[in-house]
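Coordinates in review
This is what each chain is made of:
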Amino acid sequence: LGAIGSMMGSGGLIVMDEDNCMVDIAKFFLEFIIDESCGKCSPCRIGTKRLYDLLCKITDGKGTLEDLSTIEELCEHIKSSALCGLGQTAPNPVLSTLKHFREEYLAHVVEKRCPAGVCKNLLHFVIDPGKCKGCTLCAKNCPADAIMGAVKAPHVIDPNKCIKCGACMDNCRFGAISKH
Ligand code: SF4
Ligand code: SF4
Ligand code: SF4
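These remarks concern the structure in this document.

This part covers unusual backbone geometry. Unlike most non-glycine residues, Lys 112 shows phi in positive territory, near 55°. As for its position among the elements, Lys 112 is in the loop between helix H6 (102–109) and strand S1 (125–127). In the Ramachandran plot, Lys 152 falls in the positive-phi region, its phi being about 65° despite a non-glycine side chain. Mapped onto the secondary structure, Lys 152 falls in the loop between strand S2 (147–148) and strand S3 (156–157).

Turning next to the site of ligand 1. Inspection of the region around ligand 1 gives Ser 37, Cys 38, Gly 39, Lys 40, Cys 41, Cys 44, Ala 82, Leu 83, Cys 84, Leu 86 and Gly 87 as its neighbouring residues. Per-class residue counts for the shell around ligand 1 are seven nonpolar, three polar and one charged.

Right, let's get into the packing of aromatic side chains. Working definition: an aromatic ring pair is given by the centre-to-centre distance plus the angle between the planes. Within the structure shown, the criterion is met by one aromatic pair. For the ring pair Phe 28 and Phe 29, a centre distance of 5.4 Å and an interplane angle of 75° mean the geometry is edge-to-face. Classification of Phe 29 as partly exposed rests on a relative accessible area of 28%.

The rules behind the values
Residues numbered from 1 in each chain as written. Chains lettered and ligands numbered in written order. Predicted model: local features only at pLDDT ≥ 70, side-chain atom pairs only at ≥ 80, totals over all residues. Heavy atoms only, no water. Helix = DSSP H or I, 4+ residues; strand = E, 2+ residues; numbered from the N terminus. Near = heavy atom within 4 Å. Nonpolar A, V, L, I, M, F, W, Y, C, P; charged D, E, K, R; others polar. Phe/Tyr/Trp six-rings, centres within 6.5 Å; stacked < 30°, edge-to-face > 60°. Buried < 20%, exposed > 50% of the residue type's maximum accessible area, 1.4 Å probe, protein only.

Laid out in structure tokens, this is it:
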């Protein structure tokens, strides 16, 4: 496990698939570290927060290639200077996802796209006019009143109003709505 950048930890194993965003997963593990940090040393207390901020920048669609280098550099500083095992291993989920799923980070940074469809700020819900039957169900279930269209006519989503909740996609019985 050590050779691939992992460790036993509490002995638990989490199985993930293509619907898990690796940048989001790295954020999830950092949130745990930030909560658990005792605050005695600054690499762990401050460094992990800055690391988290950089990951948020990426999942918000504002990340740059330079941020990836900064993240790697910061990870190495935290690993080598934190006082105890918690801080020293805190960057591992970030470094291992960067190593094994770098293309997912690049999709967020370069293409402003979340391949797993998890990062809300990078999602776009679209109705295929060829598949839409104009049943109005999506519009009736949209909490943001973001879908327009007449009965039996193709509907359209207003991206400026959409809060990306996914309710329309769940309610469409014709598979006309997709997220990108
Ligand atoms: S590395 Fe250890 S000592 Fe330093 S802040 Fe984190 S938990 Fe505390
Ligand atoms: S639920 Fe589907 S078929 Fe019905 S209006 Fe919405 S997109 Fe069209
Ligand atoms: S994702 Fe939610 S807010 Fe956006 S159009 Fe669909 S139902 Fe409305």
